[in-house]
Amino acid sequence: MTPDDVTDPLLWRLALDVIGAHQPDNRGDCRNLQCAGQRGMCDAARTARRAMGLARPARPAATPAPTPRAHGHAAVAAPASSVFRGWFTTSPARLPAPRSGGRLPGPASLPAAAA
């Protein structure tokens, strides 16, 4: 049975099946024949444990405590750079410079085919 807080039950159940198939033996190595020679927890079991964690909602991270400031001191922000204008700002389009001659060759300038 899947826990109530699981947001992706299919992923959670598939990961549970993989963990069930990759149980450790008495030395702590994986019993699955696909993981022969792997010491400790196998890659499949580690990935399945990570998938089970991803199938649940993320826990909110602890917010860091605010740093104490001395009275009478202001926090100063770094000066903004004038080079980067932002990802979604509009800027004037720059067209490529025209080629020498200014025109593309048309049919009249192509050599005539010999008959």
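Before any of the text, the structure's been laid out above.
Residues numbered from 1 in each chain as written. Predicted model: local features only at pLDDT ≥ 70, side-chain atom pairs only at ≥ 80, totals over all residues. Heavy atoms only, no water.

**As for the overall build of the protein chain**
Part 1: The number of helices and strands found in the protein chain is 2 helices and 0 strands.
Part 2: Counting all 115 residues of the protein chain, 13% fall into the buried class.
Part 3: Counted over contacts in the protein chain with a minimum sequence separation of 6, partners at least 24 positions apart contribute 42%.
Part 4: Just so you have it, the protein chain exposes about 10,800 Å², and 60% of that area is on carbon and sulfur atoms. (Helix = DSSP H or I, 4+ residues; strand = E, 2+ residues; numbered from the N terminus. Buried < 20%, exposed > 50% of the residue type's maximum accessible area, 1.4 Å probe, protein only. Contact = heavy atoms within 4.5 Å. Areas by Shrake-Rupley, 256 points an atom, 1.4 Å probe, with all protein chains shown as cover.)

**What about the nonpolar core?**
Part 1: With 8 residues, the main nonpolar core is built from Val6, Trp12, Ala15, Ile19, Ala48, Ala51, Met52 and Ala55.
Part 2: Secondary-structure elements contributing two or more residues to this core are α1 (9–21) and α2 (43–54).
Part 3: When near neighbours in sequence (up to four residues on either side) are disregarded, Ala51 contacts Leu11 and Ala15. (Core = buried A, V, L, I, M, F, W, Y, C linked by side-chain atoms within 4.5 Å.)

**Structural notes on the side chain of Asp29**
Part 1: Position of Asp29 among the secondary structure elements: in the loop between α1 and α2.
Part 2: With relative accessibility at 6%, the residue Asp29 sits in the buried group.
Part 3: A polar contact of 2.7 Å, which involves the side chain of Asp29, links it to the side chain of Arg39.
Part 4: At 2.9 Å, the side chain of Asp29 and the backbone nitrogen of Gly40 are in polar contact.
Part 5: Aside from chain neighbours lying at most four places away, what touches Asp29 is Gln23, Pro24, Gln38, Arg39 and Gly40. (Polar contact = N/O pair within 3.5 Å; in protein donor to acceptor, adjacent residues only side chain to side chain.)

**Topic: the packing of α1 against α2**
Part 1: Running from amino to carboxyl end, α1 crosses α2 at an angle of 155 degrees, the nearest separation of the two axes being 8 Å. Taken together, the axes of α1 and α2 are roughly antiparallel relative to one another. Seen along the crossing, α1 lies across α2 with a hand that is left-handed. Between α1 and α2, the residues in contact are Leu11, Trp12, Ala15, Leu16, Val18 and Ile19 and Ala44, Ala45, Ala48, Arg49, Ala51 and Met52, respectively. (Axes fitted to C-alpha atoms, helices over the stretch in contact; angles between N-to-C directions. Parallel < 35°, antiparallel > 145°, perpendicular 65-115°, else oblique. Left-handed = near helix turned anticlockwise from the far one by under 90°.)

**Focus on the pattern of salt bridges**
Part 1: Applying the stated criterion to the full structure yields 4 salt bridges.
Part 2: Between Asp29 and Arg39 there is a salt bridge whose closest N-O contact spans 2.7 Å. Of the two residues, Asp29 sits in the loop between α1 and α2 while Arg39 sits in the loop between α1 and α2, which places them 10 residues apart along the sequence.
Part 3: When its relative accessible area of 61% is taken as the criterion, Arg39 is described as exposed.
Part 4: For Asp43, the salt bridge goes to Arg46, with nearest N and O atoms at 2.4 Å. (Salt bridge = Lys/Arg side-chain N within 4 Å of Asp/Glu carboxyl O.)

**Remarks on α1**
Part 1: The end-to-end C-alpha distance of α1, which contains 13 residues, comes to 18 Å, matching closely the 18 Å that a straight helix rising 1.5 Å per residue would cover.
Part 2: Buried within α1 we find Trp12, Ala15 and Ile19. Projection of α1 onto a plane perpendicular to its axis shows the buried side chains occupying an angular sector of 65 degrees, all on one side. Set apart from the buried face of α1 by more than 90 degrees, the exposed residues are Leu10 and Asp17. (Expected span 1.5 Å × (residues − 1). Arc of directions from axis to C-beta.)

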